[in-house]
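# Survey of secondary and tertiary structure
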Amino acid sequence: MLEHLSSLPTQMDYKGQKLAEQMFQGIILFSAIVGFIYGYVAEQFGWTVYIVMAGFAFSCLLTLPPWPIYRRHPLKWLPVQESGTEDKKPGDRKVKRHAKNN
């Protein structure tokens, strides 16, 4: 069972994160406005809280899992470069001097 879970994607790209954040905020704002209006008309503050909580749950369901809509723009990584960094000795590096602030 656990091997099936490890094959699921767990990341979003940056544009997907932005989209998820905008959707989350929009759903919360919409549910808050609808909840306030309904609670005001019904004169029951409890309905306002229930509607906002339902909007929060709905927005979490839409935005927290890494759905494929949030993975449309993957990052293009640079190829690995084999450099001779292990050949350098610690004494070969230049020491950076900072100017004194007076």
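Since we're looking at a predicted model, the values are computed, not measured.

### A few points about the packing of aromatic side chains
On inspection of all chains with the given rule, the structure shows four aromatic pairs. Ring geometry for Tyr38 versus Trp47: centroids 5.8 Å apart, planes at 85 degrees, classification edge-to-face. Overall, Trp47 belongs to the partly exposed group, its relative accessible area being 43%. Ring-pair connections join several aromatic residues into one group, and the members of that group are Tyr38, Trp47 and Tyr50.

### Points about the UniProt feature "transmembrane region" (unreviewed entry) in the chain
UniProt feature "transmembrane region" (unreviewed entry): in the numbering of this structure it lies at residues 23–41 and 47–67. Across residues 47–67, helical content stands at 81% and strand content at 0%; the span's end C-alpha atoms are separated by 31 Å.

### Topic: helix 2 (residues 14–42)
A rise of 1.5 Å per residue sets the reference length of helix 2, with its 29 residues, at 42 Å; its end C-alpha atoms lie 42 Å apart and thus fit the reference within 8%. For helix 2, the full list of buried residues reads Gly16, Ala20, Ile27, Ser31, Gly35 and Gly39. Residues of helix 2 that are buried in the fold lie against helix 3 (45–63). Here helix 2 starts with a cap whose side-chain oxygen sits 3.2 Å from the backbone nitrogen of Lys15, and that cap is Asp13. A positive backbone phi angle near 55 degrees is found at Glu43, which sits one or two residues after helix 2.

Cut-off values and rules
- Residues numbered from 1 in each chain as written.
- Predicted model: local features only at pLDDT ≥ 70, side-chain atom pairs only at ≥ 80, totals over all residues.
- Heavy atoms only, no water.
- Phe/Tyr/Trp six-rings, centres within 6.5 Å; stacked < 30°, edge-to-face > 60°.
- Buried < 20%, exposed > 50% of the residue type's maximum accessible area, 1.4 Å probe, protein only.
- UniProt positions renumbered as here; feature names shortened; annotations may be inferred.
- Helix = DSSP H or I, 4+ residues; strand = E, 2+ residues; numbered from the N terminus.
- Expected span 1.5 Å × (residues − 1).
- Contact = heavy atoms within 4.5 Å.
- Polar contact = N/O pair within 3.5 Å; in protein donor to acceptor, adjacent residues only side chain to side chain.

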